[in-house]
Amino acid sequence: MDAKEEANEITCTAAVAWGPGQPLSIQQIRVLPPQKLEVRIKILFTSICHTDLSAWQGQNESQRVFPRIFGHEASG
Ligand SMILES: [Zn+2]
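Throughout this document, residue positions are counted from 1 along each chain, in the order its sequence is written. Residue-level local features of this predicted model are given only where pLDDT is at least 70; pairs of side-chain atoms are given and counted only at 80 or more, and the full residue set underlies all totals for whole chains, interfaces and linings.

### As for the environment of His72
- The way it works is that DSSP assigns letters per residue, a run of H or I at least four long becomes a helix, a run of E at least two long becomes a strand, and they are numbered from the N terminus. Secondary-structure assignment places His72 in the loop between strand S4 (68-69) and strand S5 (73-75).
- Exposure criterion: with C-beta atoms placed from backbone coordinates, a residue whose C-beta has 20 or more other C-beta atoms within 10 Å is buried, one with 12 or fewer is exposed, and one in between is partly exposed. With 11 C-beta atoms packed within 10 Å, His72 lands in the exposed category.
- The spacing of His72 and Ser47 is 25 residues in sequence and 7.6 Å in space, taken between C-alpha atoms.

### A short note on the pairing of strand S1 (residues 10-17)
- Pairing analysis gives 7 bridges linking S1 to strand S2 (residues 25-31), with the strands arranged antiparallel. Residue pairing for S2: Ile10 is matched across the bridge by Val31.
- Here S1 pairs with S4 via 2 bridges, running antiparallel. Across the sheet, the residue bridging to Val16 is Ile69, located in S4. Following DSSP output, two strands are said to pair if at least two bridges run between them.

### What to know about the environment of Arg64
- Summarising the element assignment, Arg64 is placed in the loop between helix H2 (50-56) and S4.
- By C-beta crowding, Arg64 is classed as partly exposed, having 13 other C-beta atoms within 10 Å.
- Two residues qualify as being in contact provided that their C-beta atoms, derived from the backbone, are within 7 Å of each other. For Arg64, the contacting residues outside a window of four places in its chain are Pro20 and Gly58.

### Observations concerning the sheet that holds S2
- The strand order across the open sheet formed by 3 strands is S2-S1-S4, and the pairing between neighbours is antiparallel. Of all strands in the sheet, those with a lone pairing partner are S2 and S4, marking the two edges.

Okay, here's the thing in structure tokens:
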């Protein structure tokens, strides 16, 4: 990573799921600069929907990918 990329790296607070059904861990995470065809959006609020809940509980084999951050229904 060069100096320009480091300058665009940010730190955010996130609720991280480390495993199915485990309590969410509120922690600081590093977010790398947007890559080609990506944008960075400042999110002020988000919700946990039914899809997030089922993934958090590991109900579907394809959703059992951890650690992960839920809340794809954001606004702000
Ligand atoms: Zn959803």
